[in-house]
Amino acid sequence: MKKQLIITIGRESGSGGHEVAKQLSEAFRIPFYDKEKIQQLVAKETGYELELVKKMDEKPVSRLFSRRFDDFSTSVPEHVARKTFEIVQTMAKEGKSFVLVGRCGEYILRDNPNMVSFFINGKKEAKIKRLIETEGCDAHEAAGLMKQRDAVRKTYHNYYCDTKWGDSRGYDLVINSSVLGIEKSVKVLTNFVEEFMEG
């Protein structure tokens, strides 16, 4: 039985991946970290204003306005990303258990034997319906929001990782939440994690 458990969740916009992650954290009684919580930690450790961290987070690095010297970069977005990864890796090295949404978790913690990674996707119609419900927008706005968010996540992930965002080869399990719905998808993943913990 593993003493540490780290669950990383990558997800498409509208797939319900954030909700899946929250339910898994509750099921296993371990802390939950999403973008907002990690941004707060980054702001605290860097001294940057929280609003600046939010503005620079998940932003593509401009080659024109940044300079790199060995492992040091003058790019604020890159500094925020590197500090994000450092915080997550430190928590893992300290033996903490947690659920992490996004943040390239499955890649930056790939060498940790106590980490299990999932990617949540879904059918377009189902994802649009969920965004209409959660964001209070119409179908056209939901489709645009979904496309924009996924483009940002893909660009961010693929810039910092050797694996591709959403590619099944980069995760332990990819699940379409539209097939079973959120609750049953959580049950499937819970069973997977329980088996993983026994290994």
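On a predicted model such as this, the values are computed, not experimentally measured, just so you know.

*Asks:* I tried to follow helix H6 (residues 124-135) on my own but got confused; where do I start?
*Replies:* Because the α-helix completes a turn every 3.6 residues, residues three or four places apart line up on one side. The end-to-end C-alpha distance of H6 is 16 Å, a good match for the 16 Å that 12 residues give at a rise of 1.5 Å each. What H6 keeps buried is the set Lys127, Ile128 and Leu131. One face of H6 carries all of its buried residues, which in axial projection span an arc of 100°. In H6, the exposed positions angled more than 90 degrees off the buried face are occupied by Glu125, Lys129 and Glu133. Those residues of H6 hidden inside the fold are in contact with helix H7 (139-160). At the C-terminal side of H6, Gly136 shows a positive phi close to 65°.

*Asks:* Looking at this structure, I do not really get the environment of Gly105. What am I missing?
*Replies:* Considering the arrangement of structural elements, one finds Gly105 in helix H5 (residues 105-108). A relative accessible area of 1% places Gly105 in the buried class. When the C-alpha atoms of Gly105 and Lys147 are compared, they prove to be 22 Å apart, with 42 residues separating the residues in sequence. Dropping the residues within four chain positions of it, Gly105 is found in contact with Thr8, Leu100 and Met115.

*Asks:* Mind showing me how you'd approach the nonpolar core here?
*Replies:* The tendency in soluble globular proteins is for nonpolar side chains to be buried as a group. Phe85, Val88, Phe98, Cys104, Ile108, Leu109 and Tyr160 are the most contacted members of the largest nonpolar core, which has 24 residues in total. Elements that contribute at least two residues to this core include exactly helix H2 (35-46), helix H3 (50-56), helix H4 (76-93), strand S5 (98-101), H5 and H7. Residue contributions to this core peak at seven residues, all from H4. Grouped together as the second largest cluster of nonpolar side chains are 20 residues, Leu5, Ile7, Val116 and Val193 included.

*Asks:* Sorry, what's going on with empty space enclosed by the protein here?
*Replies:* To find the voids left in a structure, one rolls a probe of water-molecule size over its atoms. Going through the model one piece at a time under the given rule, you end up with one cavity of 30 Å³ or more. Lining the largest cavity we find 13 residues, and of these Gly102, Arg103, Cys104, His157 and Trp165 sit closest to its centre. Residue assignment for the lining of the largest cavity shows that the elements contributing at least two residues are strand S1 (6-11), H5 and H7. Residue contributions to the lining of the largest cavity peak at three residues, all from H7. Counted by class, the lining of the largest cavity contains four nonpolar, four polar and five charged residues.

*Asks:* How should the layout of surface pockets be read in this particular structure?
*Replies:* The volume enclosed by the largest pocket comes to roughly 600 Å³. Contributing elements (two or more residues each) for the lining of the largest pocket: helix H1 (17-28), H2, H6 and H7. The residue inventory of the lining of the largest pocket, partitioned by class, reads four nonpolar, nine polar and 15 charged.

*Asks:* What exactly am I supposed to notice about the pattern of salt bridges here?
*Replies:* Opposite charge on two side chains makes pairing possible when the charged atoms of those side chains draw close. What the rule picks out here adds up to 11 salt bridges. Among the ionic pairs, Arg149 bridges to Glu135, the shortest N-O distance being 3.2 Å. Residue Arg149 is located in helix H7, and its partner Glu135 is located in helix H6; the two are separated by 14 residues in the primary sequence. For the salt bridge of Arg169 with Asp167, the shortest nitrogen-to-oxygen distance reads 2.6 Å. Linked through salt bridges whose partners overlap, the residues forming this network are Glu45, Lys83 and Glu86.

*Asks:* Would you mind showing me how to read the packing of aromatic side chains here?
*Replies:* For any pair of aromatic rings, geometry is given as the distance between the ring centres together with the angle between the planes. Within this structure, the stated rule accounts for eight aromatic pairs. Both rings, one in Phe85 and one in Tyr156, keep their centres 6.3 Å apart while their planes meet at 55°; by these two values the pair is tilted. Here Phe85, found in helix H4, pairs with Tyr156, found in helix H7; they are 71 residues apart in sequence, far enough to count as distant. Comparing Phe85 with Tyr156, the two get one shared label, buried. Ring plane angle 85° and centroid distance 5.3 Å describe the contact between Phe119 and Trp165, whose orientation is recorded as edge-to-face. Taken together, the residues Phe119 in strand S6 (residues 115-121) and Trp165 in the loop between H7 and strand S7 (173-176) connect sequence positions 46 residues apart.

About the criteria used
Residues numbered from 1 in each chain as written. Predicted model: local features only at pLDDT ≥ 70, side-chain atom pairs only at ≥ 80, totals over all residues. Heavy atoms only, no water. Helix = DSSP H or I, 4+ residues; strand = E, 2+ residues; numbered from the N terminus. Expected span 1.5 Å × (residues − 1). Buried < 20%, exposed > 50% of the residue type's maximum accessible area, 1.4 Å probe, protein only. Arc of directions from axis to C-beta. Contact = heavy atoms within 4.5 Å. Core = buried A, V, L, I, M, F, W, Y, C linked by side-chain atoms within 4.5 Å. 1 Å grid on protein atoms, 1.4 Å probe; cavity = no way out; pocket = protein on both sides within 12 Å on 5 of 7 lines; lining within 4 Å. Points joined across faces, edges and corners; volume = space filled by probe spheres on them. Nonpolar A, V, L, I, M, F, W, Y, C, P; charged D, E, K, R; others polar. Salt bridge = Lys/Arg side-chain N within 4 Å of Asp/Glu carboxyl O. Phe/Tyr/Trp six-rings, centres within 6.5 Å; stacked < 30°, edge-to-face > 60°.

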